[in-house]
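Fold and geometry: a report
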Amino acid sequence: MNLSRQLQRPENLLLAMAFIMPLVFSVWMVLLNNFVIEKAAFTGTEIGILQSLREIPGFLAFTAIYLLLFIKEQKLALISLAITSIGVALTGFFPSILGLYLTTILMSVGFHYFETVNQSLTLQWIDKDKTAHFLGRVLSVKSVASLLAFSSIWLVMEKLSWSYQQTYLLFGVLALIFTIGLILLFPLFPPKAEQHKKLILRKRYWLFYALTFFSGARRQIFVVFAGFLMVEKFGYSVADISALFAINYVFNWLFAAKIGKFIGKVGERNTLKFEYIGLVILFISYGLVENAHFAAALYIIDHLLFALAIAIKTYFQKIALPEDIAASAGVSFSINHIAAVVIPALLGMVWIINSGWVFFVGAGFAFCSLLLSLLIPLAPQLGIELRSQEKALLSTAT
């Protein structure tokens, strides 16, 4: 009984959900570029439209706050995880442009509602001084799940010659079964602070909103076009892409928790400055790369740098009112996806003209983020959201 109670803790539920989501979503992602090119004859235009459609539910993530009028956050997270699993399970049955668009939207509704509510629960349930390290642990767990998914893809598709349809179905059904298990195993945990059930946009959070916006824009270029570059320009196979993803997640598995501790030591300001300088260099390099191995190295470094984005979440947790977290999580996800809805489709057309230009746009977004990071205080807290406020407080004290 005591062991059962020890296991039935909020942080263990968060870690379990963090395992299931990448187990199923990684399969969708790693197979996507090869699947759409081989089975539906996608070009840069169609993949751009598909990714824009995928991000529409992310843009509408703020509507999650209205669902919380009728359902608890924990239940919504688990239902959303189940919807994602069903969407992935169905993907292989509809290898056409319209079919892929529809299954993508279904999967994406579950994915984005889950990520919105999961972020909110994490910032509510985990203490501020432990959040960066815990989010690092979450990345490690996600990496283990992704590694399991990638190795399984290699086994069933390369060695057992399974079809895309069989592979998508297997992982979708497995994730659904695991999710049902979590629903039955864990009790409903009470919130630490009663959350607002309305949209909240506060002027004092503007820097967090701006960082989130540019992070979403930049992330889309990486997610949509970096992998597509590998397949279209350098001819990477499913096995090659799986190996590349596996290397990424081995690094995350080994270093993600340490990255969390690093953020806790050096602070959000210095962490994000380092990330954005690195991303400016990386995106320019993407635009110029002509060597398949060098492109793979850039992809791995890129993935590692994105782990530092944990600092945006910990910055917000430190400056936010506890009761604002759920409502702000939905708003921040919508802000994150404003550019994401438009950018893939627009840059998909740019891609046809010159793929390098797409990544130069990404470098511009990273540079904007770098400028914004300079405004973050060295020690953000409630009432001290900006570096200027911190300087004013210090000058008053002296």
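Quick note: structure is the one above.
Everything in this summary refers to the structure shown in the same document. All of these numbers come straight from a predicted model, not from anything done at the bench. (Residues numbered from 1 in each chain as written. Predicted model: local features only at pLDDT ≥ 70, side-chain atom pairs only at ≥ 80, totals over all residues. Heavy atoms only, no water.)

Moving on, we get to the environment of L282. Here L282 lies in helix 10 (residues 238-288). When the C-alpha positions of L282 and L188 are compared, they lie 44 Å apart, and in sequence the two are 94 residues distant. Every residue in contact with L282, bar those within four places of it in the chain, is listed here: L298, I301, D302 and L305. (Helix = DSSP H or I, 4+ residues; strand = E, 2+ residues; numbered from the N terminus. Contact = heavy atoms within 4.5 Å.)

This part is about the packing of aromatic side chains. In the structure shown here, the tally under the stated rule is 16 aromatic pairs. Relative to W28, the ring of F25 lies with its centre 5.8 Å away and its plane at 15°, an arrangement referred to as stacked. Remark: W28 and F25 occur in helix 2 (residues 10-40); sequence separation between them is 3 residues, near one turn of the helix. Accessibility classification places F25 together with W28 in one group, the buried group. Ring plane angle 20° and centroid distance 4.3 Å describe the contact between F25 and F111, whose orientation is recorded as stacked. Of the two residues, F25 sits in helix 2 while F111 sits in helix 6 (residues 97-125), which places them 86 residues apart along the sequence. For F25, a relative accessible area of 13% corresponds to the buried category. Taken together, the ring pairs connect F225, F283, Y286, W351 and F359 into an aromatic cluster. (Phe/Tyr/Trp six-rings, centres within 6.5 Å; stacked < 30°, edge-to-face > 60°. Buried < 20%, exposed > 50% of the residue type's maximum accessible area, 1.4 Å probe, protein only.)

This part covers the packing of helix 5 (residues 73-91) against helix 6. Running from N to C, helix 5 and helix 6 point in directions that differ by 155°, and their axes come no closer than 8 Å. For the element pair helix 5 / helix 6, the angle class is roughly antiparallel. Where helix 5 crosses over helix 6, the two elements pack in a sense that is left-handed. When the residues that make up the contact of helix 5 with helix 6 are grouped by side-chain class, the tally is 16 nonpolar, 9 polar and 1 charged. (Axes fitted to C-alpha atoms, helices over the stretch in contact; angles between N-to-C directions. Parallel < 35°, antiparallel > 145°, perpendicular 65-115°, else oblique. Left-handed = near helix turned anticlockwise from the far one by under 90°. Nonpolar A, V, L, I, M, F, W, Y, C, P; charged D, E, K, R; others polar.)

Once that is clear, we can look at helix 2. The end-to-end C-alpha distance of helix 2 is 42 Å, a good match for the 45 Å that 31 residues give at a rise of 1.5 Å each. The largest bend in helix 2 is about 50°, located at L32. Counting buried positions along helix 2 yields 23 of 31 residues, so the element is predominantly enclosed. (Expected span 1.5 Å × (residues − 1). Bend = angle between axes of the 7 residues up to and from the residue.)

What follows is about the side chain of H112. Tracing the backbone through its elements, the reader meets H112 in helix 6. For H112, a relative accessible area of 2% translates into the label buried. Of note is the side chain of H112, whose polar atom sits 2.8 Å from the side chain of S108. Non-local contacts of H112, meaning those with residues more than four positions away in its chain, are made with R54, E55, P57, G58, F333 and H337. (Polar contact = N/O pair within 3.5 Å; in protein donor to acceptor, adjacent residues only side chain to side chain.)

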